[in-house]
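Structural characterization, general
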Amino acid sequence: MGKIKEFIKSPKATVVSFALAMVLLLLSSIGGARAALTYYSDNYTSRVQMDNIGVTLVENGKDVSNRDYKSASDGTWDENTGALLAGMLAKGETVKLGKRYPEELRVKNSGTINQYVRVNVYRYWLDKDGEKQRGLSPSLIDLNFVNIGSDWLVDEESSTAERTVLYYSKLLESGKESSLFADSLAIDSMIGTKVTQTTQKEGKYTTITTTFDYDGVKFCVEARVDAVQDHNAEDAIWSAWGRRVQVKDGILSLK
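Here's a quick rundown of the structure. On a predicted model such as this, the values are computed, not experimentally measured, just so you know. (Residues numbered from 1 in each chain as written. Predicted model: local features only at pLDDT ≥ 70, side-chain atom pairs only at ≥ 80, totals over all residues. Heavy atoms only, no water.)

Right, let's get into the overall build of the protein. Secondary structure summary: the protein contains 4 helices and 18 strands in total. Scored against the burial criterion, the 255 residues of the protein give a buried share of 44%. For the protein, restricting intrachain contacts to residue pairs at least 6 apart in sequence, the fraction spanning at least 24 positions comes to 68%. Of the accessible surface of the protein, which amounts to about 13400 Å², a share of 47% is contributed by carbon and sulfur atoms. (Helix = DSSP H or I, 4+ residues; strand = E, 2+ residues; numbered from the N terminus. Buried < 20%, exposed > 50% of the residue type's maximum accessible area, 1.4 Å probe, protein only. Contact = heavy atoms within 4.5 Å. Areas by Shrake-Rupley, 256 points an atom, 1.4 Å probe, with all protein chains shown as cover.)

So, about the packing of aromatic side chains. The full count for this structure, using the stated rule, is 3 aromatic pairs. Taken together, a centroid distance of 4.8 Å and an interplanar angle of 45° make the contact between W152 and Y168 tilted. Residue W152 is found in strand β11 (residues 152–154), and its partner Y168 is found in strand β12 (residues 163–168); the two are separated by 16 residues along the sequence. One exposure class covers both W152 and Y168, and it is buried. For the ring pair Y167 and W241, a centre distance of 5.7 Å and an interplane angle of 65° mean the geometry is edge-to-face. Separated by 74 residues along the polypeptide, Y167 in strand β12 and W241 in helix α4 (residues 233–241) bring together distant segments of the chain. (Phe/Tyr/Trp six-rings, centres within 6.5 Å; stacked < 30°, edge-to-face > 60°.)

As a further point, take the nonpolar core. Of all hydrophobic cores here, the largest spans 37 residues; its most connected members are V107, V117, V119, W125, F181 and F219. Look past the residues within four positions of V107 in its chain and what remains in contact with it is V55, T56, V117, V119, W152, L172, K176, E177, S178, F181 and V225. In terms of nonpolar packing, the next biggest core, distinct from the first, is built from 11 residues, L153, Y167, A233 and W241 among them. (Core = buried A, V, L, I, M, F, W, Y, C linked by side-chain atoms within 4.5 Å.)

Moving on, we come to the pattern of salt bridges. Inspection of every chain in the model, using the stated rule, returns 9 salt bridges. In this structure, D151 engages K170 in a salt bridge whose closest nitrogen and oxygen atoms are separated by 3.2 Å. One end of the pair, D151, is in the loop between β10 (141–145) and β11; the other, K170, is in the loop between β12 and β13 (182–187), and 19 residues separate them in sequence. (Salt bridge = Lys/Arg side-chain N within 4 Å of Asp/Glu carboxyl O.)

The backbone of L85 shows a phi angle near 70°, a positive value even though the residue is not glycine. You can call L85 buried: its relative accessible area is 1%. Even without being a glycine, N232 presents a positive backbone phi close to 50°. The residue N232 is located in the loop between β16 (218–229) and α4 in this model.

Attention shifts here to the side chain of E59. Secondary-structure assignment places E59 in strand β5 (residues 54–59). It is K62 that comes nearest to the buried, bridge-free E59 among opposite-charge side chains, at 8.9 Å. For E59, the residues in contact, after removing those within four places along its chain, are V64, A83, L84, L85, E103, E104 and L105. (Lys, Arg positive; Asp, Glu negative; His and termini not counted.)

Every buried residue of α4 is accounted for by A233, A236, I237 and W241. Down the axis of α4, the sector holding all buried residues measures 95°, keeping them to one side. Following α4 by one or two positions, G242 adopts a phi angle in the positive range, close to 70°. (Arc of directions from axis to C-beta.)

Written out as structure tokens, the structure is:
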């Protein structure tokens, strides 16, 4: 269990051997609820405090991380933080360039109130020293996004080469799962074609040494899930995420 102040100050991360896979459930309902409450009566306040908001990231059919608020009155929650891609490889297996691995990602509403959902997906590279490798494009980490333009909307204004910002266009009801926003992952084989050759002569012999330019780099996938309550959703989203949206008949669209 934790307190809200601690949650805001110190999100958590999980590292796996071949990838930095941070699964952060940054639940923005706190700021959103405050914004919404300014528009409603004390009766609405009492009702909000009886409801619980929660969100879970689901990977390949299994809950990988969740944050569920149990009581709005005391600001506590239950949290489980797992690692993305932890089960992608069999024991002793190494990542094969160009091979596509199943990576089905979706969001589940594990709370008791309906909500709107945003997902931030980050892809980047780390070198041997754990520093960001700027010479490799995030696009070489080919996370295949699906249901884009229908169920999931890409916020082009907020997205970058490294970060993809997705909004679920539908109201996610309590206990329900969203459609997939990704279904597979592959590492572009181009990374293995970048080599450096050195030549050294010793008498009549010549030694040619070939080394991979990106030997030892790690690919990184990070997913951050946010949720806000459905009440007064447009203002709640603006307050929590700084994004103007339109919600009509339960359908969210980006302005």
